[in-house]
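Structure assessment
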Amino acid sequence: MKNKSTENPSDIIKSARMAFKEKNYQKALEQYKYFFRNSIQINKAYIGVRLSYCLDEWTSLAKVYPPAMDSLIEEKNKAVNDFIETGDAVSFRDYAAICEYLNSSEEAVTLFKEIHSTNSVLSKKIFRSVLEPLARSADWAICREYLGDGIKKYENIIELFDEITKLAKEKLGFAGKGVEKDSIEETKEECLWLLNIHFHSNDKSGYRILLEKMQTDFGYRGYNDLYNEILNDAPKWSNSDD
């Protein structure tokens, strides 16, 4: 039996990658599955890697090794069944993340909208997990309904960004460069969603406050280019509307 207290999630994901590279697909699957199920119990800082790199690479494995696809679908079904039985928001988060990598996000959105119509308390807890597909489909009205405190949502984004970039720089070695790059892209996308929600609900004050915080926060962290990209891509009112 493995002793989780002495394990390093970075070593587990590296082992999975090495096995995949060596075409030891069975071992790779075992390691990806183990990482997904146990990494954040060992170190919560790996939540981003767990829901991004692990699932992305697991999906790539599934393209060449069918049992990996079967296992991924099994993991998705387990997550959604756990959610239906317990109302656990973490289970829904896992379910929505797997759906995203299986190109079936509409499943998670459909379930969310069913919960939205019957249980507003629970739907508020799981909204964040389907923000991405809702934003892609420009469903700004429902996004705004659940946004709540946009500044708090933004602070959550920054908190996760800090955790992942710190992990990338301190723990992941050469592979950390890719993790940091992906974190920058994901953070940019999420910041733009927040700005779009405020823009499409004509909340000019909230929009400006968010932009000012982004300029300060990313500048302080040395990511001025990231802020400039967000500013460039953000929706804007015309001068006559301002």
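Small disclaimer: the values here were computed from a predicted structure and weren't measured. (Residues numbered from 1 in each chain as written. Predicted model: local features only at pLDDT ≥ 70, side-chain atom pairs only at ≥ 80, totals over all residues. Heavy atoms only, no water.)

We now examine the overall build of the protein. Each helix and strand in the protein was counted, giving 13 helices and 0 strands. Scanning the protein from its N terminus toward the C terminus, one meets helices and strands in the order α-α-α-α-α-α-α-α-α-α-α-α-α. Computed over the C-alpha atoms, the radius of gyration of the protein is 19 Å, within 12% of the 18 Å expected from 2.2 N^0.38 for a compact globule of 242 residues. Dimensions of the protein, computed from the C-alpha atoms along their principal axes, are close to 65 × 45 × 30 Å. (Helix = DSSP H or I, 4+ residues; strand = E, 2+ residues; numbered from the N terminus. Rg over C-alpha atoms; globule rule 2.2 N^0.38 Å.)

All told, the structure shown has 14 salt bridges when counted by the stated rule. A salt bridge links Arg93 to Asp94; the nearest nitrogen and oxygen atoms lie 3.5 Å apart. We note a salt bridge from Glu100 to Arg136, for which the minimum N-O separation is 2.8 Å. In this pair, Glu100 is assigned in helix H5 (residues 89-101) and Arg136 in helix H8 (residues 131-136), connecting sequence segments 36 residues apart. Several salt bridges share partner residues, and in doing so they unite Arg50, Arg93 and Asp94 into one network. (Salt bridge = Lys/Arg side-chain N within 4 Å of Asp/Glu carboxyl O.)

The end-to-end C-alpha distance of helix H4 (residues 66-86), which contains 21 residues, comes to 30 Å, matching closely the 30 Å that a straight helix rising 1.5 Å per residue would cover. When we look at burial in H4, the residues that qualify are Ala68, Ser71, Leu72, Glu75, Lys76, Ala79, Val80 and Phe83. All buried residues of H4 project into a common sector of 170° when viewed along the axis, lining one side. Counted as exposed and oriented over 90 degrees from the buried face of H4: Pro66, Asp70, Ile84 and Glu85. Residues of H4 that are buried make contact with helix H2 (25-42), helix H3 (47-64), H5, helix H6 (105-118) and helix H7 (120-126). One or two positions beyond H4, positive phi appears at Gly87, with a value near 70°. (Expected span 1.5 Å × (residues − 1). Buried < 20%, exposed > 50% of the residue type's maximum accessible area, 1.4 Å probe, protein only. Arc of directions from axis to C-beta. Contact = heavy atoms within 4.5 Å.)

For the pair H3 and H5, interaxial distance at closest approach is 10 Å and the crossing angle is 35°. The handedness of the crossing between H3 and H5 is right-handed. Note on element contacts: H5 touches H3 through Arg93, Asp94, Ala97, Ile98 and Tyr101, opposite Ile47, Arg50, Leu51, Ser52, Leu55, Asp56 and Thr59. In the contact of H3 with H5, the residues fall into 6 nonpolar, 2 polar and 4 charged. (Axes fitted to C-alpha atoms, helices over the stretch in contact; angles between N-to-C directions. Left-handed = near helix turned anticlockwise from the far one by under 90°. Nonpolar A, V, L, I, M, F, W, Y, C, P; charged D, E, K, R; others polar.)

Attention now moves to a negative patch on the surface. Together, Asp56, Asp182, Glu185, Glu186 and Glu189 line one region of the surface with negative charge. When residues in the negative patch are grouped by element, the largest group, 4 residues, is from helix H11 (residues 176-200). Note on placement: Asp182 falls in helix H11. (Patch = residues over 30% accessible without salt bridge, like charges linked within 9 Å, V, L, I, M, F, W, Y side chains within 5 Å. Areas by Shrake-Rupley, 256 points an atom, 1.4 Å probe, with all protein chains shown as cover. Lys, Arg positive; Asp, Glu negative; His and termini not counted. Charge placed at Lys NZ, Arg CZ, Asp CG, Glu CD.)

Counting 47 residues, the largest nonpolar core has Phe92, Phe112, Met214 and Phe218 as the members making the most contacts within it. The element best represented in this core is H11, accounting for 8 residues. In this structure, Phe92 is in contact with Phe83, Ala108, Leu111, Phe112, Ile126, Ser129 and Val130, ignoring residues within four places of it in sequence. One finds Ile13, Leu61, Leu72 and Ile164 within the second-largest nonpolar core, a separate group that totals 28 residues. (Core = buried A, V, L, I, M, F, W, Y, C linked by side-chain atoms within 4.5 Å.)

Turning next to the confidence of the model for the protein. Overall, the prediction assigns the protein a mean pLDDT of 89, with 93% of residues at 70 or greater. Between the elements of the protein, mean pLDDT differs from a low of 85, seen in helix H9 (residues 140-147), to a high of 97, seen in H4. (pLDDT = per-residue confidence, 0-100.)

Let's shift gears to the packing of aromatic side chains. The description of two aromatic rings rests on the distance between their centres and on the angle between their planes. On inspection of all chains with the given rule, the structure shows 13 aromatic pairs. Ring centres of Phe20 and Tyr25 lie 5.8 Å apart, and the angle between their planes is 75°; this geometry places the pair in the edge-to-face category. The exposure class assigned to Phe20 is partly exposed, which follows from its relative accessible area of 22%. Here the aromatic rings of Phe199 and Trp237 are separated by 4.7 Å at their centres, their planes lie at 50°, and the arrangement is tilted. Taken as a pair, Phe199 in helix H11 and Trp237 in the segment after helix H13 (224-233) lie far apart in primary sequence, 38 residues in all. Pair check on accessibility: Phe199 and Trp237 agree, each one buried. Site record: aromatic cluster; members linked through ring pairs are Phe20, Tyr25 and Tyr65. (Phe/Tyr/Trp six-rings, centres within 6.5 Å; stacked < 30°, edge-to-face > 60°.)

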